[in-house]
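# Chain and residue survey
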Amino acid sequence: MSTRVIQVTNVPTSVTREQFRALFSNLGRIDDIVIYPESESKSSNVAAKVGYVKFTSSETAQAALNLTSTVYIDRPLVISLVRPSSSSSSARIPDESSALKFCPSINTNIVMLPNGPTWSHKVINRKITVPTKDDKPAKTYIETKDMNLTDRSLPEYPNLPGTTDPAKIDQIRRTVFISNLDPRVSLANVYDFFSQIGEIKYIRMTKSIKNVEYENTGKSSDAIKPNEGVDLESDSLGAFIEFSEQPSVVKALCLNGFKFADRQIKVNHSTQTIQIPENKKQQICVDDIKKEKTSNKTENHKSRHGKREKNGSISDNSTKSTDEADSAVESSPPKKQRKSSRSRSNSKSKSKSSRRSRSKEKERKERERDKKREREREKNRRSHSGSRSSNKKRKDDKDRDREKDKSDKDRSSSNKKEKKDKRRSRDRSS
């Protein structure tokens, strides 16, 4: 059976009835709305409230179910339909005594923590205390729930120790650890790949299994030699990446198992912050990576250009042979160049002439269009003038006919009067 009443649990205690109505009023018309507990004394004893909304139509109640798991203030809402009881045909809003059983009692072991400045509104951050027996100190841990991760079936944030510095929680939740990187991959390669996801604040590469340091600037087979104690198949690198915004972590986790530099990389949450070197000489700025890339490009360009010049000088300084065949081979390049220059000039002249012919053709077509338009205008004018003159003639003819009719009527009336007068005069005389 269809119902028009919904139940909303896990409502924050600070929510008022007006705020609760404003949340659901956008869906459709509301007949009645209630939120329990109503008194402040009772609301102080519960961790969350429960609310009931009765809509004018069952379709609106069904649409309200889409707001389930929506984080409202600091809690995800849980919405369900209220089915009618066996005694009544329609669903009703229950009274406060029966509704309070859906309100969880206040738990002092859970403390809500503030989210980071760039965190999504779907993230809940809280500190949970687990009491222990035998007078042992209670265990505490920090739990972070992100609905974006659960919606995409991605791994949840790992719990952090309760003694973690609150200032570092934001940094840890914005950091990921990438493993199974190829040993020939450089810092610039990793930065270029993951900067497409979001802005990177810090990045730090780890050493391989055998603690061999690599200073190569790119992935190449010559960068690492087999006699240096490195196995390119078994050894791997890792990297800690701290993004500037928390939503970038969700995108990075989607790349788990992606093939990067001929290897399937692993992307996981980090449980620690990036250890930034205190010595500034050991720190590499993002701008330095960009400068290094541009310098490598310019060096490659110069080396290619130098090779071309070198080849040209060798060909110029080559000794000429006395044979006629050799002289013919040496003299052939300038002839080819001349032919190419002539062909270029010919192509240019052809393109110019084609452009001129196109422009002339365009002008001719425009003139013809203008002439046609003028002719059509003249025809329209003549037709209008002819219609006007014909209308005038018709009016004149009608006026003449009217005048003739009038004159004929006047004559007939005058003739009738004369006849009457004659008759009268005859009667009198007789």
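See the structure shown above.
Residues numbered from 1 in each chain as written. Predicted model: local features only at pLDDT ≥ 70, side-chain atom pairs only at ≥ 80, totals over all residues. Heavy atoms only, no water.

## Brief notes about the overall build of the protein
- On a plain count of helices and strands, the protein comes out with ten helices and 16 strands.
- The buried share of the protein, reckoned over its 430 residues, is 28%.
- Looking at the protein alone, contacts between residues at least 24 apart form 67% of all its contacts between residues at least 6 apart.
- Looking at the protein as shown, the accessible area adds up to about 30900 Å², and 46% of this sits on carbon and sulfur atoms. (Helix = DSSP H or I, 4+ residues; strand = E, 2+ residues; numbered from the N terminus. Buried < 20%, exposed > 50% of the residue type's maximum accessible area, 1.4 Å probe, protein only. Contact = heavy atoms within 4.5 Å. Areas by Shrake-Rupley, 256 points an atom, 1.4 Å probe, with all protein chains shown as cover.)

## Describing the pattern of salt bridges
- For the structure shown, the criterion picks out twelve salt bridges.
- Asp-32 is paired through a salt bridge with Arg-17; the nearest N and O atoms lie 3.8 Å apart. Taken together, the residues Asp-32 in strand β2 (residues 30-36) and Arg-17 in helix α1 (residues 17-24) connect sequence positions 15 residues apart.
- Exposure remark for Arg-17: the relative accessible area of 41% places this residue in the partly exposed category.
- Put simply, Arg-174 and Glu-242 hold a salt bridge, and the shortest N to O gap is 3.1 Å. Taken together, the residues span a long stretch of sequence, with Arg-174 in the loop between α6 (166-173) and β11 (175-181) and Glu-242 in strand β13 (residues 237-243) at a distance of 68 residues. Assigned by exposure class, Arg-174 and Glu-242 land together as buried. (Salt bridge = Lys/Arg side-chain N within 4 Å of Asp/Glu carboxyl O.)

## Let's talk about the sheet that holds strand β8 (residues 123-130)
- Judged by pairing direction, the sheet is antiparallel, and its four strands sit side by side in the order β7-β8-β9-β10 without closing on themselves. The outermost strands of the open sheet, each flanked by one partner alone, are β7 (110-112) and β10 (160-161).
- Relative to β8, β7 runs antiparallel, the two being bridged by three bridges. Bridged to Met-112 within β8 is Arg-126. (Pairing = 2+ DSSP bridges.)

## Examining unusual backbone geometry
- At the junction of Tyr-36 and Pro-37, the peptide bond is cis and its omega measures out at -5° in the coordinates.
- Along the polypeptide, Pro-37 turns up in the loop between β2 and α2 (40-43).
- Phi at Asn-180 is positive, roughly 65°, even though this residue is not glycine.

## Quick notes on helix α7 (residues 187-194)
- The buried count for α7 comes to six of eight residues, which makes it a mostly enclosed element.
- Those residues of α7 not exposed but buried are Leu-187, Ala-188, Val-190, Tyr-191, Phe-193 and Phe-194.

## So, the sheet that holds strand β3 (residues 49-55)
- Read from one edge to the other, the open sheet built from four strands follows the order β2-β3-β1-β6, with strand pairing classed as antiparallel. Either end of the sheet is taken by a strand with one partner, and the two such strands are β2 and β6 (78-81). Each strand of the sheet is rotated relative to its neighbour by a mean of 15°, with strand direction disregarded.
- Strand direction decides the pairing type here: β2 and β3, joined by six bridges, are antiparallel. Residue pairing in the sheet places Ile-30 in a bridge with Phe-55 of β3.
- The sheet strands contacting α1 are β1 (5-11), β2, β3 and β6, and the helix crosses β2 at an angle near 135°. (Axes fitted to C-alpha atoms, helices over the stretch in contact; angles between N-to-C directions.)

## Observations regarding the environment of Lys-266
- Examined against the element boundaries, Lys-266 turns out to sit in strand β16 (residues 266-269).
- Note: C-alpha distance between Lys-266 and Gly-238 (28 residues apart in sequence) is 9.3 Å.
- In this structure Lys-266 touches Phe-177, Ile-178, Ser-179 and Asn-256, once residues within four positions along its chain are discounted.

## Examining the nonpolar core
- Within the largest apolar cluster, 27 residues are counted, with the highest numbers of intra-cluster contacts made by Val-176, Ile-178, Leu-181, Val-190, Phe-194, Ile-241 and Ile-265.
- Looking at this core, the elements that each hand over two or more residues are β11, α7, β12 (200-205), β13 and α8 (247-253).
- Top element by residues in this core is α7. It accounts for five residues.
- Not counting residues within four places of it along the chain, the set of residues in contact with Val-176 comprises Ala-239, Phe-240, Ile-241, Phe-243, Val-249, Ala-252, Val-267, Asn-268 and Ser-270.
- Core analysis: the second largest hydrophobic core is formed by 17 residues, Ile-6, Phe-24, Val-53 and Phe-55 among them. (Core = buried A, V, L, I, M, F, W, Y, C linked by side-chain atoms within 4.5 Å.)

## A short note on the environment of Ser-58
- Relative to the elements of secondary structure, Ser-58 occurs in helix α3 (residues 58-64).
- Residue class for Ser-58 comes out buried when judged on its relative accessible area of 18%.
- Remark: the alpha-carbon pair of Ser-58 and Leu-81, spanning 23 residues in sequence, is separated by 9.9 Å.

## Topic: a negative patch on the surface
- Together, Asp-401, Asp-405, Asp-408 and Asp-410 line one region of the surface with negative charge.
- Inspection of the secondary structure puts Asp-405 in helix α10 (residues 324-429).
- Exposure remark for Asp-405: the relative accessible area of 43% places this residue in the partly exposed category. (Patch = residues over 30% accessible without salt bridge, like charges linked within 9 Å, V, L, I, M, F, W, Y side chains within 5 Å. Lys, Arg positive; Asp, Glu negative; His and termini not counted. Charge placed at Lys NZ, Arg CZ, Asp CG, Glu CD.)

## A short note on the packing of aromatic side chains
- Enumeration over the complete set of coordinates arrives at six aromatic pairs.
- Through a chain of ring-to-ring contacts, the aromatic side chains of Phe-193, Phe-194, Phe-258 and Phe-260 assemble into a single cluster. (Phe/Tyr/Trp six-rings, centres within 6.5 Å; stacked < 30°, edge-to-face > 60°.)

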